[in-house]
Structures are given as C-alpha cells and as structure tokens.
Amino acid sequence: MASQEIEALSSALARLPGLGPRSARRAVLHLVKKRETALPALLDALLAVQNTLEECRICGNVDTQDPCGICSDPKRDAKSICVVEDVADLWALDRAKLFSGTFHVLGGRLSALDGVRPEDLAIPGLLARVEAGGVDEIVLAMNATLEGQTTAHYLAEKLEDFPVRITQLAHGLPVGGELDYLDEGTLAQALRARRPMG
C-alpha cells in the first residue's frame with residue numbers, strides 16, 4: 001500500500017492522455033527508484049514550463065515565447081498557412097519538417113453533437129491573417145473525420161472570397177485517423193498530394 005502522496009501522484013499521472021492507472025504506477029515506481037536523478041529533472045522541467053508557457057497570439061501554438069518559434073522564424077514562408085485542429089496536429093506536421101509555411105490552430109473542430117460552433121473556434125484570427133494580405137495558400141489539414149471534413153468545408157466557404165488558393169491534405173489518410181498518431185511517411189505523402197478544395 002502506497003502513501004497518500006504517492007497515490008495522488010499516480011492518480012495525477014493516470015489522468016494524462018495515453019497513461020492509464022498501470023502505466024502511471026510504473027512511471028511513479030521509476031521516479032521513486034531514480035529519485036536522485038529523474039525526479040529533480042522532471043520537477044525542474046515542469047516548473048520551467050509552468051512559468052514560461054504561452055499561447056502564440058498569431059497562430060495559437062503553445063510555446064515558451066509569444067510569438068512562437070514558428071511565427072518568429074524568418075525562414076518560414078508566411079505566404080502559406082496550414083490550418084490544424086489543435087496543437088498536437090501542428091507539432092506532428094512540424095516534426096515531419098515537410099511544411100515550410102506557418103500554422104493556425106483552430107482549437108477544435110465543428111461538432112453539432114459536442115456543441116462546438118464556428119464562434120467557439122479561432123476562425124476570426126485566421127480570416128484576419130488572410131485579410132491582412134500576403135497569404136497565397138491555405139492548407140486545410142483537418143483530421144479525416146466527419147467533424148474534421150465539416151470544418152474544412154466551412155472554412156473553404158469562409159475563405160472563397162479571398163484571393164488565396166485553398167488546398168487540403170490528400171485523402172490517403174485513414175478515415176477516422178488523427179494527425180498526431182500518423183507516421184512521418186504518411187504525413188509526407190498527404191502534404192505532397194494536397195489538392196484544391198471543391
């Protein structure tokens with residue numbers, strides 16, 4: 001029987017995505033066994049992130065600076081914006097190093113069942129970026145789910161009056177698949193085969 005503090009740590013870890021109670025207990029046991037090296041490093045990293053984490057005012061990415069490292073990178077092609085549902089999708093695409101433009105995080109996807117409406121997403125920020133000029137292409141990188149495709153079509157309608165090319169990821173992505181779980185080869189193929197909407 002573990003102490004209340006250890007059980008509390010295990011419970012807190014079990015609430016993280018991808019970790020169940022058993023995985024959380026294994027992580028806690030590792031931290032206990034390696035407490036002189038692993039625990040201080042983890043605590044320092046968590047405190048550093050807690051004190052410096054910010055949401056980018058331009059794209060919605062989460063970083064330790066605002067604007068984020070992507071938006072402030074002069075090597076990025078600001079004429080091309082890849083629109084994603086959430087930060088995990090942005091990180092997955094950026095990790096593949098196949099898209100040299102910038103990003104825009106919607107903060108979700110349209111869903112009548114979940115009550116997510118257009119006004120609940122960061123759509124006005126995207127429209128403002130396009131309206132400001134200098135954008136040639138919008139890549140709609142929504143997940144291949146019904147809600148993701150509904151969101152992509154809604155955005156395509158909102159953007160059709162702007163002089164930008166609207167493309168979306170190729171439909172080689174598995175139906176129901178989420179970008180964060182795809183390998184880099186699949187992401188590369190989807191980005192290369194993007195096509196105009198409509």
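Student: Before we go on, may I ask you to explain the pattern of salt bridges in this structure?
Tutor: Pairing between side chains of opposite charge can happen when the charged atoms of each approach one another. Under the counting rule described, the total for this entry stands at seven salt bridges. For the salt bridge of Arg 57 with Asp 66, the shortest nitrogen-to-oxygen distance reads 3.2 Å. For Asp 66, a relative accessible area of 27% gives the class partly exposed. The salt bridge involving Arg 165 is made with Glu 137; its shortest N-O contact spans 3.0 Å. Taken together, the residues Arg 165 in strand β6 (residues 165–168) and Glu 137 in strand β5 (residues 137–140) connect sequence positions 28 residues apart. For Arg 165, a relative accessible area of 48% corresponds to the partly exposed category. Here the residues in one salt-bridge network are Arg 117, Glu 119 and Asp 120, joined through shared partners.

Student: Whenever I open this one, the pairing of strand β4 (residues 101–105) confuses me. Can you help?
Tutor: Within a regular beta strand, the side chains point alternately toward one face of the sheet and then the other, so they alternate between its two faces. The buried fraction of β4 is high, at five of five residues. Pairing of strand β3 (residues 77–84) with β4, which is carried by five bridges, proceeds in the parallel orientation. Bridging across to β4, Asp 77 finds its partner in Gly 101. With respect to chirality, the unit in which β3 leads through helix α4 (residues 87–95) into the neighbouring parallel β4 is right-handed.

Conventions adopted
- Residues numbered from 1 in each chain as written.
- Predicted model: local features only at pLDDT ≥ 70, side-chain atom pairs only at ≥ 80, totals over all residues.
- Heavy atoms only, no water.
- Salt bridge = Lys/Arg side-chain N within 4 Å of Asp/Glu carboxyl O.
- Buried < 20%, exposed > 50% of the residue type's maximum accessible area, 1.4 Å probe, protein only.
- Helix = DSSP H or I, 4+ residues; strand = E, 2+ residues; numbered from the N terminus.
- Pairing = 2+ DSSP bridges.
- Right-handed = clockwise from strand over helix to strand, strands pointing away.

None of the figures reported here should be taken as evidence of function without further support.
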